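In case you want the letters, here they are:
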Amino acid sequence: MSLEYTSSEMMSVTAARALENGMTCFVGIGLPSEAANLARLTHAPDVVLIYESGTLQTKPDILPLSIGDGELCESALTTVAVPEMFRYWLQGGKVNVGFLGTAQIDRFANLNTTLIGDYKAPKVRLPGGGGAPEIATNAGEVFITLKHSKRAFVKDVDFVTTLGFGRDGKGRDNVPNIGKGPTRVITDLCVMKPDPETKELVVVSLHPGVSREAVIDATGWEIRFAEQLESTPEPSEKELTILRELKARTERAHADA
């Protein structure tokens, strides 16, 4: 009998599986943090999680509200200064994966967390880039996770906060000392990867019960599908149990705060 789970749980489990044991991962707050900590609590106990505030090899019992959450520092092996974090660890090539979220993403995996609308008269101002621009250009590769909708998946982002592959897919060409960039995008509907030639995002795997039409309807450009389209494996009972316990602990802790 199939287990019951939500599309959000499917996304988090799939994103967690992207991390391998022993990787060093620079983690963004929100969905990336949920996925990274689920990986640590399941198949990748030796994954090294780093947060922007300088916490190294942190093992939070609950999900942090921000990079300044005390849980990160209290559960870390050590905490270093932010300049050291970026100059030595990130720019020094010691981070395998940057795990990021975003407000907008386009067909070439550029991310926008700056504003919606015209730059001089924006409809919405967003929090900004934080460390994401540096993570995206210095980590070995980048994983991105976010919920799938036409509002989030646009043909061209309103502002390039964090470089994917540039406006034409060639933004990383012939640039020395730069990582691979985004290698996969995990949503609540599917998994995407950049085309090796054009760098445009292509759907490589559909989550169980999700149709091509559902992905097309939720994407702001003419999305393409891989010739050998896969079906994403369903979450296991263990993965769901650990994820739900993690979120329940987090809710209790924040309710008491």
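For the structure itself, look to the data block above.
Residues numbered from 1 in each chain as written. Predicted model: local features only at pLDDT ≥ 70, side-chain atom pairs only at ≥ 80, totals over all residues. Heavy atoms only, no water.

Novice: Help me out: how do you make sense of the environment of T183 in this one?
Specialist: Looking at the secondary structure, you find T183 in strand β11 (residues 182-186). Relative accessible area serves as the criterion here: at 19%, T183 is assigned to the buried category. With 59 residues separating them along the chain, T183 and I242 place their C-alpha atoms 26 Å apart. (Helix = DSSP H or I, 4+ residues; strand = E, 2+ residues; numbered from the N terminus. Buried < 20%, exposed > 50% of the residue type's maximum accessible area, 1.4 Å probe, protein only.)

Novice: Even after reading the chapter, I still don't get the pairing of strand β14 (residues 224-231), so can you show me in this structure?
Specialist: A regular strand carries its side chains on alternate faces of the sheet. Pairing of strand β13 (residues 201-206) with β14 involves four bridges; the strand directions are parallel. Bridge pairing in β14 places V203 opposite F225. Handedness of the β-α-β unit built from β13, helix α6 (residues 212-217) and β14 comes out right-handed. (Pairing = 2+ DSSP bridges. Right-handed = clockwise from strand over helix to strand, strands pointing away.)

Novice: Looking at this structure, I do not really get the environment of L126. What am I missing?
Specialist: In this fold, L126 is placed in the loop between β9 (122-125) and α5 (132-138). Along the backbone, L126 and T102 are 24 residues apart, and their C-alpha atoms lie at a distance of 10.0 Å. If sequence neighbours within four positions are ignored, L126 has contacts with A103, N112, T113, T114, L115 and I116. (Contact = heavy atoms within 4.5 Å.)

Novice: Even after reading the chapter, I still don't get the nonpolar core, so can you show me in this structure?
Specialist: Across soluble globular proteins, you tend to see nonpolar side chains buried next to one another. Membership of the largest hydrophobic core comes to 37 residues, with the highest contact counts inside it found for F26, I105, F153, V185, M192, V203 and V215. Listed by contribution, the elements that provide at least two residues to this core are β2 (48-50), α4 (82-90), α5, β10 (141-145), β12 (190-194) and β13. Among residues more than four places away in sequence, those in contact with M192 are H148, F153, T183, R184, V185, L201, V202, V203, V204 and I223. Of all hydrophobic cores here, the second largest spans 24 residues; its members include M11, A18, M23 and F143. (Core = buried A, V, L, I, M, F, W, Y, C linked by side-chain atoms within 4.5 Å.)

Novice: Looking at this structure, how should I read unusual backbone geometry?
Specialist: Outside of glycine, negative phi angles account for most residues, and trans bonds account for most peptide bonds. Not every positive phi belongs to a glycine, and N174 is a case in point at roughly 60°. Tracing the sequence through the fold places N174 in the loop between β10 and β11. Phi at K199 is positive, roughly 70°, even though this residue is not glycine. The exposure class assigned to K199 is partly exposed, which follows from its relative accessible area of 24%.

Novice: Would you explain the packing of aromatic side chains in this entry?
Specialist: Note on aromatic pairs: each is described by the distance of the centres and the angle between the planes. Evaluated as defined, the whole model comprises five aromatic pairs. Directly above the aromatic system of F143 lies the positively charged group of R184, at a separation of 4.9 Å from the ring centroid. Against the face of F225 rests R212, its NZ or CZ located 5.0 Å from the ring centre. (Phe/Tyr/Trp six-rings, centres within 6.5 Å; stacked < 30°, edge-to-face > 60°. Lys NZ or Arg CZ within 6 Å of the ring centre and 35° of its normal.)

Novice: Quick question: what am I supposed to make of the pattern of salt bridges here?
Specialist: Note on pairing: side chains with opposite charge can pair once their charged atoms come close. Enumeration over the complete set of coordinates arrives at six salt bridges. Measuring nitrogen to oxygen at the nearest pair gives 2.7 Å for the salt bridge that ties E239 to R17. Of the two residues, E239 is situated in helix α7 (residues 237-256) and R17 in helix α1 (residues 7-17); the sequence distance between them amounts to 222 residues. D195 is the salt-bridge partner of R224, the closest N and O atoms lying 3.4 Å from each other. Of this pair, R224 sits in strand β14 while D195 sits in the loop between β12 and β13; the two residues are 29 residues apart in sequence, bridging distant segments of the chain. The buried category is assigned to D195, whose relative accessible area is 17%. (Salt bridge = Lys/Arg side-chain N within 4 Å of Asp/Glu carboxyl O.)

Novice: How should the side chain of Q104 be read in this particular structure?
Specialist: Tracing the backbone through its elements, the reader meets Q104 in strand β6 (residues 104-105). Assessed through its relative accessible area of 4%, Q104 is described here as buried. Among the polar contacts made by the side chain of Q104, one reaches the side chain of N112 at a distance of 2.8 Å. In this view, Q104 contacts N110, L111, N112, I116, R151, A152, V154, V157 and D158; residues no more than four positions away in its chain are not counted. (Polar contact = N/O pair within 3.5 Å; in protein donor to acceptor, adjacent residues only side chain to side chain.)

Novice: Honestly, the pairing of β11 in this entry has me stumped. Any pointers?
Specialist: Most of β11 sits inside the fold, with four of its five residues counted as buried. Linkage of β11 to β12, two consecutive antiparallel strands, is achieved through a turn of three residues.

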